Each structure stands twice: as C-alpha cells, then as structure tokens.
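Residue-level structure breakdown
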Amino acid sequence: MIKLINLNQPKAIPAVFNTEEEFIKYTVDEALWSSLPTGEISTMEKWGFAKIIDDTITGENGQSEDIYHWEANMNTCIDFWNNAVQGWEINIGEQL
C-alpha cells in the first residue's frame, strides 16, 4: 500500500494506492498536469519521465507529428513527489 499525504492541507484525506501501477499512473497524470504551464515535453523529461512514441502522423501540409504517452518507474515517481513538487509525503507499505 502506498499513501500520498498533502502536508499543505493537513485535514485532506490522503490518496491511497493498493499497487505500484496505480501510484505510477496517478503520478504520471499529476506530473503531466503540472508540466503544462511550463512546457510539457521539456519539463516531463527533466523530471525523469519517459516519452514513448506510439505513432507518427503526417498532416495535409506535410508536417509530421508524434502521438505519444508518458511512462515512469517507482523511483521516478518518488523523486517527483519529493523534489519536483513541494508539500507531499509518501508512505510505502504502511497500513492506514
């Protein structure tokens, strides 16, 4: 079990994840949302997330565009919560 606690809002209910996969998916989504104002690709790569290209399409004007998604491992996710954003605590393996 992984518990993510918002230290800036002590009365907030922690986010709880039963598996690493759930935690990783949540973290990628949160990192993506956090990176949008500053430049998604450069910021996500700076934080250690991997850009996975699913397909490349070519538009009518001849310009190509990549269709992609982001992936991470546990270490990348823990680093994100500990270093990229402020005010969060992660408890791994603790029961509620």
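In this report, we go over the structure that sits alongside the text. Everything quoted here is computed from the prediction, not taken from an experiment.

A few words now on the sheet that holds strand β1 (residues 2-6). Two strands in a sheet stick together by hydrogen bonds in their backbones, pointing the same way (parallel) or opposite ways (antiparallel). The sheet built from three strands is open, its strands ordered β2-β1-β5 with antiparallel pairing. The sheet terminates laterally at β2 (15-17) and β5 (88-92), the two strands that pair on one side only. Put simply, the sheet's adjacent strands are angled 15° from each other on average, direction ignored. Relative to β2, β1 runs antiparallel, the two being bridged by three bridges. From the neighbouring strand, Lys 3 faces β2, where its bridge partner is Val 16. Sitting on the sheet, helix α3 (residues 74-84) is in contact with β1 and β5, with an inclination near 145° to β5.

Across the interface, helix α1 (residues 20-35) lies against α3 with an axial gap of 10 Å and an inter-helix angle of 50°. Classified by the angle their axes make, α1 and α3 are oblique. Considering only the axes of α1 and α3, their crossing is left-handed. On α3, the residues touching Glu 20, Phe 23, Ile 24, Tyr 26, Thr 27, Glu 30, Ala 31 and Ser 34 of α1 are Met 74, Cys 77, Phe 80 and Trp 81. The class makeup of the residues in the contact of α1 with α3 is eight nonpolar, two polar and two charged.

About the criteria used
Residues numbered from 1 in each chain as written. Predicted model: local features only at pLDDT ≥ 70, side-chain atom pairs only at ≥ 80, totals over all residues. Heavy atoms only, no water. Pairing = 2+ DSSP bridges. Helix = DSSP H or I, 4+ residues; strand = E, 2+ residues; numbered from the N terminus. Axes fitted to C-alpha atoms, helices over the stretch in contact; angles between N-to-C directions. Contact = heavy atoms within 4.5 Å. Parallel < 35°, antiparallel > 145°, perpendicular 65-115°, else oblique. Left-handed = near helix turned anticlockwise from the far one by under 90°. Nonpolar A, V, L, I, M, F, W, Y, C, P; charged D, E, K, R; others polar.

So yeah, pure geometry; function would need other evidence.
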